[in-house]
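Survey of secondary and tertiary structure
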Amino acid sequence: MRELTYADAIAEALVQGMERDPNVFVCGIGVDDHKGIFGTTRSAFERFGAARVFDVPIAEQALTGVAIGAALMGKRPVVVHARNDFMFLATDQMINLAAKTRYMYGGRLRAPIVVRSIVGKGWGQGATHSQSLQALFGHFPGLQVVMPALPRDAKGLTLAALRSEGPVVILEHRTLYSMKGPVPEAPEITPIGTAAVVREGRDVTVVATSLMVVEAMRAAERLATLGVEVEVVDCRSIRPFDRDSVLTSLAKTGRVVVADTSWVSFGVASEVASVCADEGFRHLRAPVRRIGLADCPAPVSLSLERAFYPDFRTITRECLAVLDRDPELRELESVEDSAFTGPY
Amino acid sequence: MLRVRRIEEGLAELYKEQEMRTPAHFSVGQEAVAVGVCGALERHDVVYSGHRCHAHYLAKGGDLTALVAELYGREAGCARGRGGSVHLTDPEVGLIASSAILAQTIPVAVGSALSFKMDGARRVAVTFFGDGAVDEGVFHESLNWAAVRRLPVVFVCENNLYATHSPLSVRLPAGTEIYKRAAAYRIASERIDGNDLVAVYRGARQAVERCRRGEGPVFLECMTYRWLEHVGPLDDSDRGYRTVAEIAAWKRRDPMTRSARMLVAAKATTREHLAEIESQIQAELSEAVAAARRAPWPDPKDLLLDVF
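Summarised in this report is the structure supplied together with it.

What counts, and at which threshold
Residues numbered from 1 in each chain as written. Chains lettered and ligands numbered in written order. Predicted model: local features only at pLDDT ≥ 70, side-chain atom pairs only at ≥ 80, totals over all residues. Heavy atoms only, no water. Helix = DSSP H or I, 4+ residues; strand = E, 2+ residues; numbered from the N terminus. Rg over C-alpha atoms; globule rule 2.2 N^0.38 Å. Areas by Shrake-Rupley, 256 points an atom, 1.4 Å probe, with all protein chains shown as cover. Contact = heavy atoms within 4.5 Å. Buried area = accessible area lost by both parts, 1.4 Å probe. Salt bridge = Lys/Arg side-chain N within 4 Å of Asp/Glu carboxyl O. Nonpolar A, V, L, I, M, F, W, Y, C, P; charged D, E, K, R; others polar. Axes fitted to C-alpha atoms, helices over the stretch in contact; angles between N-to-C directions. Parallel < 35°, antiparallel > 145°, perpendicular 65-115°, else oblique. Left-handed = near helix turned anticlockwise from the far one by under 90°. Pairing = 2+ DSSP bridges. Expected span 1.5 Å × (residues − 1). Buried < 20%, exposed > 50% of the residue type's maximum accessible area, 1.4 Å probe, protein only.

A few words now on the overall build of chain A. Of regular secondary structure, chain A possesses 13 helices and 14 strands. A compact globule built from 344 residues would reach a C-alpha radius of gyration of about 20 Å, and chain A, at 20 Å, matches this within 12%. The principal-axis extent of the C-alpha atoms belonging to chain A is close to 60 × 45 × 40 Å. Here chain A has roughly 13,100 Å² of accessible surface; of this, 52% comes from carbon and sulfur atoms.

Right under this line is the structure:
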């Protein structure tokens, strides 16, 4: 199969989704400029023009309300935020309205908006440009939240979101944008609410989200050299969450490490751990370990950033810990994100 | 207008029985704005409202039985007992949504207008809100949006001088005229006597025509007054946040009495005919209340339906 970057996979999904449905339009700050949201909206703009891909006033709350109002009239707006942190400015519309539209109006209204937003990481982006809001948006019944990790799912989940009857938040990860992988040319959807086993193994399960799936795969390769077989489950959807896939893998390995791109407390890692405890307790052979950001706002300085973000080394250590093995790899080599050199 | 008034008064009376358990914000005293504006609209035009939404719902042609059933929490309610008094909807007649969060539906109306413009449809979106919503940031964001893209939306501010119990003087700098704020966004705007049905209708008519001609949004500030408490069925004139003299002065300008007097003077109707209409309204309301009380409650096994 041909390979595409994660960014190009998203761009292709938008074009194919817009071809299929004339009601789809894309709006957001800078979606039509020469950079086109890291290239993801450029091809749609070139193909469909300013009538369907357009720039907007810098007002996230109104933008989201406008999208809902258009959706109520039959449109399928795609709202794009270059950072998901900007969505805090839109939370009333997202949570008090979009999430509740169907239920609160007795099933008579639908607000099928798609909100694409990007999680930043590293290069000194700091506290307000590198948060990862899956727990926040996953908390409220009515919002679907997806986090593609692989290029094929970046395309497949975007296509699925464009066909959904309800609102979908897509949390993309900036670090993944340049990563390549096989992507079908046909508009194949990845069903929302389904996780995927992206590597099979029998010793320990790593349940991961977004970029942490890639880190988990790196960890799995290194652990394989120590004779440890890691199974990696890519959550793909945060809400609805695919409990069955996690529990099936837990039943197989008996050990779970959860790696998320956000903080552990009150977060997705904790939710997954509680699913394992509630419904998979009899299979657990060790306590579930949770991996996430250090419990502080994101710092800027490189030395602090390195201490702040977990990576494949963290996952490797935690996998060895649940297996009651010493972290034999005392000095794991460092892998920097060489593909990204800033600035944003 | 008579119908809206009598229905709201009737519902307010029934509220005291504690059978309707959803916080209701009555429009008694403010009906001319809803009736005048909706009278200038076509069925395919859409209306959004806020928490004080019963009058807008009824004026746009919303189903009375479904409204009453919603207040009684029944499955037959317009939002099937999930939304309550502040989330009225009747999409078939163009009353799309009302909301309990201040200013929330203002950008939503702008978005519907965007959709109409994209489709080249000659439809208009209207959003009703109070003077309190003008304090919210999204009010300003939405006006700017509509103005930048010249969208067919009519912003209707029902300025009743109070947000809950807070007077304009603590929320806006002295001398602020709300409609001029819209003018600052280059939106055609005017202030109207919101207790004068004909004036409201004329203003709305012009606004709607302007929108249909593709000349961009219009802002109408309609000066009016709330007779009852902010939320609930009671008279709160003894609570001290507004004077008895102020309330009495506004009641002398009752939009319904004024309209009736005008119609009778113009020989468009007679007192006898109005009395006849009154009894029809009472019968219609009694029937709706009886139907709502008979209607089944939502089944708890359906609690989790229609979430995603």
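That was the structure; now back to the text.
Below, the discussion takes up the interface of chain B and chain A. Listed by partner, the interface residues are 41 residues for chain B and 37 residues for chain A. Between chain B and chain A, a total of about 3,200 Å² is buried, with carbon and sulfur atoms accounting for 65% of that surface. The largest per-residue losses of area from chain B upon contact with chain A belong to Q104, W145 and F308 of chain B, which jointly make up 24% of the total buried on that side. E92 of chain B is paired through a salt bridge with R108 of chain A; the nearest N and O atoms lie 3.6 Å apart. Those elements that provide at least two residues to the side of chain B that touches chain A are β1 (46-49), β2 (95-98), α5 (105-119) and α6 (137-149) of chain B. The leading source of residues in the side of chain B that touches chain A is α5 of chain B, at 10 residues. Split into classes, the residues belonging to the side of chain B that touches chain A amount to 21 nonpolar, 11 polar and nine charged.

All names here are of chain B. Here helix α1 (residues 2-15) crosses helix α4 (residues 64-71) at 20°, and the two axes come no closer than 12 Å. Judged by the inter-axis angle, α1 sits roughly parallel to α4. Every pair of crossing elements has a handedness; the one defined by α1 and α4 is right-handed. Each of R3, I7, L11 and Y15 in α1 lies in contact with α4, whose residues at this interface are L64, L67, V68 and L71.

Summed over the entire model, instances satisfying the criterion amount to 46 salt bridges over all chains. The structure contains a network of salt bridges with shared partners spanning R102 of chain A together with E75, R80, R82 and D306 of chain B.

So, on to the sheet that holds strand β4 (residues 153-159) of chain B. All names here are of chain B. Ordered in space as β2-β1-β3-β4-β8-β7, the six strands form an open sheet in which the pairing is parallel. Edge positions in the sheet fall to β2 and β7 (188-193), since each of these pairs with one other strand and no more. Averaged over all adjacent pairs, the angle separating strand axes in this sheet is 15°, with direction ignored. Alignment of β4 against strand β8 (residues 218-223), held across six bridges, turns out to be parallel. Counted as the bridge partner of C157 is E221 from β8.

What follows covers helix α11 (residues 268-280) of chain A. Residues and elements named next belong to chain A. The end-to-end C-alpha separation of α11 is 17 Å, in line with the 18 Å expected for 13 residues at 1.5 Å each. Considered for burial, the residues of α11 that qualify are V268, A269, S270, V272, A273, V275, C276 and G280. Contacts made by the buried residues of α11 are with α7 (134-138), β10 (204-208), β12 (237-239), α10 (243-253), β13 (256-263) and β14 (289-293).

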